[in-house]
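Take a look at the letters that make up each chain.
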Amino acid sequence: MPKSDPLPLVVAGGGAAGFMAAITAAEAGVEVVEIWEATAEPLAKVRISGGGRCNVTHACWDPRELVAHYPRGQRPLRGPFSRFAAGDAVAWFAERGVELLEEDDGRMFPVSNSSASVVQALRAAAQRAGVRLQSQRALQEVIPSPDGFCLKARGLPEPINCRRLLLATGGHPSGRRIAAALGHQVVPPVPSLFTLRLDAPWLTALAGLSQAPVDLELQVGPERFRQREGIVLMTHWGLSGPGLLRLTAFAARALQQHQYKAELRINWCGGLNVEQLRLQLAAARQELARRQLANGRPELLLPLRRRLWLALLEQAGLDGNRTWAELPRRGEQRLAELLLRSQLSVSGRGPFGEEFVTAGGVDLGELNLATMESSCVPGLHFAGELLDVDGVTGGFNFQHCWSSGWIAGGAIASALACKS
Ligand SMILES: Cc1cc2nc3c(=O)[nH]c(=O)nc-3n(C[C@H](O)[C@H](O)[C@H](O)COP(=O)(O)OP(=O)(O)OC[C@H]3O[C@@H](n4cnc5c(N)ncnc54)[C@H](O)[C@@H]3O)c2cc1C
C-alpha cells in the first residue's frame, strides 16, 4: 500500500464532466485536486463536439422543461437541474470568458463559433484553481480503504491513495467495469442518437432534402414511439435530421433489442389530420381545378418541398401533368394515405449524427443525486456520460455533464471541509 498522504480528490476522466467537477472542487477550496486522464489529450470530445463549434447547452431555462429532453434520466434529473441548469451553465462560462450565443433552434454555441474557446476556458480555469492534470494515466483498479481509496493506474509505478474519488470516464468501458467491481449496477450500454436505414429507394433518391414539420411514429416490436412536428433530412441511406435523431434516442433500447428492425410511419404534413387533409383536397379540386397536380397545391400542403411532392405523386401512381379536376378518387385516397401515413420499413441503424452518446451506464438509483455520491461506496462520486443519463441532440448531453460535475465538485468540497 502507498505510504504518502492521501490526495484529497482524484477525478478519473478529463472530459467535460471531470473538468467541471475538478474546477468546482478546487475553486471551493479543496487543496489538491488531480485529474487523471487516460489519453494524451483531455477534453478531446469537447474539441470535436458540435462539428468543431461545441454546442455547450440549450436555451431551455425551466428545469421541468429541460428534463423532457432526456430519454434516460428524465425524472431523477429534476433535482440536479433545479440546482444547476442551462442558465447557470451560461453564467458559469461567461464568468470564465466564454459568452454563448443562442441559435434559432435554441442550441447555444460560443460566440467564437469554435470549440477551442471552450477547451481553453476549461483548461485555464482548472489551472487557475490549481487543478493538477495527469495525462496518460488510466485508472485501472479501485480498492476501498478505511479513509478513502487505493488507486492503481496504467503509467503509475506505485498505487496512490485518495480520500474522495470521482469517476467521470464517459462512455469508456473501463469506468463501467470499475463501478461494477465496486458493487454498482450498470445498465448495459447501447448507442443513442443515430439515423435510420430505410428500404425506400424513392425516398433515398431525395438525399439532401429536408422537410418540416413532420410527425414520426416508430413501431418497434410491441412499443410505439412518437415525435411531433420535427425536421427530417433525407439521406442516401434513409432518414436523419433532429426530429429523427430525437426519435431514435427515445427508442434506442427497444431498437437495439429488435436488431434495428422496425416500421416507420411518416406524416409529411406534421400536425395535419385526416379530416383537415380531406377538406384541403376537396377545396383544391374546386379552386385549383385547371392547375396541374405537379404545379398547384392547396395552402396546407405548401410547406412540402416540391421534389418530395412530386415523389409522393409518383408513389401514388398519379401523373403530375393531369389537373386537379382529373384527379381520380382512388388516386386521391392513395395520395392522402401517403401524405399522412407513408409506411416504411427500417432495415437497420444508419451512421451516427453529429453527436454520439451511450444510453446506459451506472444506475441512478444507487446515487444520492444531491451530491452525486454512491449509496453503496461512501466517498465515491460520479458525473457525466458514465451515468445512465443521455439527452437528445442540441447541447443537452453537455448540460448534464456541467450539472452533474458542478454538483459533485461542490459536494466533495463540502464533505472534505467537514472532515478536515
Ligand atoms: C462527435 C461528437 C460530437 C458531440 N457533440 C456534442 C455537442 O455539441 N453537444 C453536446 O451536448 N454533446 C455532444 N456530444 C456528446 C458529448 O460529447 C458527451 O456527452 C460528453 O463529452 C460526455 O462527457 P464526459 O465528461 O462524461 O465524458 P468524455 O467526454 O468521454 O470524457 C471522459 C474522459 O475520460 C477518459 N477516460 C476514460 N476511461 C478512463 C480511465 N479509466 N482513467 C482515466 N481516464 C479515463 C477519456 O479518455 C475521456 O477523456 C458529442 C459527442 C460526439 C462523439
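Residues numbered from 1 in each chain as written. Predicted model: local features only at pLDDT ≥ 70, side-chain atom pairs only at ≥ 80, totals over all residues.

1. What about the overall build of the protein?
The line we're drawing: Each helix is a run of DSSP H or I of at least 4 residues and each strand a run of E of at least 2, with the numbering of both proceeding from the N terminus. Field definition: a residue is buried when 20 or more other C-beta atoms are found within 10 Å of its C-beta, exposed when 12 or fewer are, and partly exposed for counts in between, with C-beta atoms placed from the backbone. Any two residues are considered in contact once their C-beta atoms, placed from the backbone, lie within 7 Å.
Helix and strand content of the protein: 13 helices and 18 strands. Within the protein, buried positions represent 47% of all 420 residues. Partitioning the intrachain contacts of the protein with sequence separation of at least 6 by distance along the chain shows that 74% fall at a separation of at least 24.

2. Side note on the sheet that holds strand E11 (residues 210–220)
Selection rule: Two strands are said to pair when DSSP picks up at least two bridges between them. Simply put, an axis is a line fit to the C-alpha atoms, just over the touching stretch for a helix, and the angle between two N-to-C directions goes from 0 to 180 degrees.
The antiparallel closed barrel is built from 6 strands, whose spatial order is E10-E13-E12-E11-E14-E15. Averaged over all pairs of adjacent strands, the angle between their axes in this sheet comes to 55°, without regard to strand direction. In this sheet, strand E12 (residues 223–234) lies alongside E11 in antiparallel orientation, the contact comprising 8 bridges. Paired with Leu216 across the two strands is Gln227, which belongs to E12.

3. Some remarks on the nonpolar core
Selection criterion: Put simply, a nonpolar core is a cluster of buried Ala, Val, Leu, Ile, Met, Phe, Trp, Tyr and Cys residues tied together by C-beta atoms within 7 Å. An automatic or database domain assignment is the source of the domain bounds shown.
Membership of the largest hydrophobic core comes to 122 residues, with the highest contact counts inside it found for Leu9, Val11, Ala21, Ala22, Leu166 and Ile412. No other element matches helix H13 (residues 396–419), which puts 12 residues into this core. No fewer than three residues from each of domain 1 (7–185 + 363–419) and domain 2 (193–355) sit in this core. Aside from chain neighbours lying at most four places away, what touches Leu9 is Ala25, Val30, Val33, Cys162, Arg164, Leu166 and Ile412.

4. Thoughts on the site of the ligand
Here is the rule: Near residues are defined by distance alone, with the backbone-placed C-beta atom required to lie within 6 Å of the molecule or strand. In this count, Pro and Cys sit with the nonpolar residues alongside Ala, Val, Leu, Ile, Met, Phe, Trp and Tyr, while Asp, Glu, Lys and Arg are called charged and the others, Gly among them, polar.
Taken together, 39 residues lie near the ligand, and Gly13, Gly15, Gly50, Gly170 and Gly384 sit nearest. Here the shell around the ligand gets 5 residues from one element, more than from any other, and that element is helix H2 (residues 44–52). Of the residues belonging to the shell around the ligand, the class tally is 17 nonpolar, 17 polar and 5 charged.

5. Some remarks on the environment of Arg137
When you line up the elements, Arg137 lands in the loop between strand E6 (132–134) and strand E7 (138–145). Separated by 116 residues in the primary sequence, Arg137 and Arg253 place their C-alpha atoms 33 Å from one another. If sequence neighbours within four positions are ignored, Arg137 has contacts with Trp36, Glu37, Ala38, Ala153, Gly155 and Leu156.

6. Topic: the domain arrangement of the protein
According to the domain assignment, the protein consists of domain 1 (7–185 + 363–419) and domain 2 (193–355). Each of domain 1 and domain 2 was reduced to a C-alpha centroid, and the two centroids are 40 Å apart. In this complex, domain 1 contributes 7 residues to the contact, which on the side of domain 2 involves 10 residues.

7. What about the sheet that holds strand E4 (residues 100–102)?
Sheet strands pair by backbone hydrogen bonding; their relative direction is either parallel or antiparallel. Here we have 3 strands laid out as an open sheet, ordered E3-E5-E4, and antiparallel in their pairing. Two strands lie at the open edges of the sheet, namely strand E3 (57–58) and E4, each paired on one side alone. Sheet topology note: the E4/strand E5 (residues 107–110) ladder contains 3 bridges and is antiparallel. Bridged to Glu102 within E5 is Met108.

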